[in-house]
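Secondary and tertiary structure notes
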Amino acid sequence: MSDKTHETGTDQIIKPSAEIFGPGTISMVLNVNGILQSIEMEPRTTLAEALRTSLKLTGTKVACNHGACSACTVWLDDLPVAACGILAIEVVSRKITTIEGLGDADHLHPVQKSFIEHDAIQCGFCTPGMVMSCAALLARNPHLGVEEVETAISGHLCRCGTYPHVVQAMLSLSAEQEADHG
Ligand code: FES
Ligand code: FES
């Protein structure tokens, strides 16, 4: 990418030659839960909004919409991120995983099962985001202690106060998996 520079008297005007998108809708393709999905949205659309409105993946919740509560957590290339703080257009070439891609009612992810077994859910609004962060933690570190779990969920706000149950759910799951694998 090069910039075009024009001299006008003593002023120097820099005109970037980068492609300009919008403000109207544009086409983009997102790789969500292993499926390439074509959507038409304004370039200013956040990933959270694109998932919920265009793709009807409403398991991803939006609470603060300002990157402060982590309710909207999804995975970007297997790492948890706040989907309200990213534009959809920024992640067209990335792998996106939502709570719908982690498990469903008939095939719950082990973290989802453990949350249910340990009563780690009240209203459930923070739960999909919390599960996404906990599942990512377990994938990268199967041997969990209290500190690891607390750090992983430290950015998640739960108004119902489920934190001790979430920690118990994850410690118990980690212990179970360690026992299973000897
Ligand atoms: S809704 Fe995205 S961080 Fe709160
Ligand atoms: S379960 Fe209600 S906000 Fe966490």
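Since the structure is predicted, the reported quantities are computational estimates derived from the model, not experimental observations. (Residues numbered from 1 in each chain as written. Chains lettered and ligands numbered in written order. Predicted model: local features only at pLDDT ≥ 70, side-chain atom pairs only at ≥ 80, totals over all residues. Heavy atoms only, no water.)

Glancing now at the packing of helix H4 (residues 127-140) against helix H6 (residues 163-180). If you want to describe how two helices pack, look at the angle between their axes and the distance between the axes. As a packed pair, H4 and H6 sit with axes 12 Å apart at the nearest point and diverge in direction by 30°. Accordingly, the angle class assigned to the pair H4 and H6 is roughly parallel. Remark: the crossing between H4 and H6 carries right-handed chirality. Only Tyr163, Val166, Met170, Leu173 and Gln177 of H6 make contact with H4, whose side of the interface consists of Met130, Cys134 and Leu138. Residues of the contact of H4 with H6, tallied by class, amount to 7 nonpolar, 1 polar and no charged. (Axes fitted to C-alpha atoms, helices over the stretch in contact; angles between N-to-C directions. Helix = DSSP H or I, 4+ residues; strand = E, 2+ residues; numbered from the N terminus. Parallel < 35°, antiparallel > 145°, perpendicular 65-115°, else oblique. Left-handed = near helix turned anticlockwise from the far one by under 90°. Contact = heavy atoms within 4.5 Å. Nonpolar A, V, L, I, M, F, W, Y, C, P; charged D, E, K, R; others polar.)

A one-sided burial pattern is seen for strand E3 (residues 26-32), the buried positions being Ile26, Met28, Leu30 and Val32 and the unburied ones Ser27, Val29 and Asn31. The pairing of E3 with strand E4 (residues 35-41) spans 7 bridges and is antiparallel. Within E4, the position partnered with asparagine 31 by the bridge is leucine 36. Counting the residues in the hairpin turn of E3 and E4 gives 2 residues, including asparagine 33, whose phi is positive at 55°. Direction of pairing for E3 relative to strand E7 (residues 95-97): parallel, over a ladder of 2 bridges. Paired with valine 32 across the two strands is isoleucine 96, which belongs to E7. (Buried < 20%, exposed > 50% of the residue type's maximum accessible area, 1.4 Å probe, protein only. Pairing = 2+ DSSP bridges.)

Glancing now at unusual backbone geometry. The phi torsion at asparagine 33 lies on the positive side, around 55°, for a residue other than glycine. Counting through the fold element by element, asparagine 33 comes out in the loop between E3 and E4. Even without being a glycine, serine 70 presents a positive backbone phi close to 70°. Looking at the secondary structure, you find serine 70 in the loop between helix H1 (47-54) and strand E5 (73-76).

This paragraph deals with H6. For H6, built from 18 residues, the straight-helix expectation of 26 Å at 1.5 Å per residue is met to within 8% by its first-to-last C-alpha distance of 26 Å. Those residues of H6 not exposed but buried are Val166, Val167, Ala169, Met170, Leu173 and Ser174. Seen end-on, H6 carries its buried residues on one side only, within an arc spanning 160°. In H6, those exposed residues whose orientation departs by more than 90 degrees from the buried face are Pro164 and Ala179. Considering only its buried residues, H6 is in contact with helix H3 (110-117), H4 and helix H5 (146-152). (Expected span 1.5 Å × (residues − 1). Arc of directions from axis to C-beta.)

On to the domain arrangement of the chain. Looking at the chain, the domain boundaries give domain 1 (26-102) and domain 2 (110-180). In this structure, domain 1 and domain 2 have C-alpha centres spaced 22 Å apart. Each partner contributes residues to the interface: domain 1 has 17 residues there, and domain 2 has 12 residues. Inspection of the domain 1/domain 2 interface yields 4 residue pairs in polar contact (both at pLDDT 80 or more). (Domains from an automatic or database assignment. Polar contact = N/O pair within 3.5 Å; in protein donor to acceptor, adjacent residues only side chain to side chain.)

A word on the pattern of salt bridges. Taken as a whole, this structure holds 3 salt bridges when the rule is applied. Residues arginine 44 and glutamate 42 are paired through a salt bridge, measuring 2.3 Å at the closest nitrogen-oxygen approach. Owing to a relative accessible area of 65%, arginine 44 belongs among the exposed residues under this scheme. A residue is classified by how much of its surface remains accessible, and glutamate 42, at 27% relative accessible area, is partly exposed. Between aspartate 78 and lysine 95 there is a salt bridge, and its shortest N-O distance comes to 3.2 Å. With a gap of 17 residues between them, aspartate 78 in the loop between E5 and strand E6 (79-82) and lysine 95 in strand E7 connect regions that are remote in the sequence. Here lysine 95 falls in the partly exposed class, since its relative accessible area comes to 37%. (Salt bridge = Lys/Arg side-chain N within 4 Å of Asp/Glu carboxyl O.)

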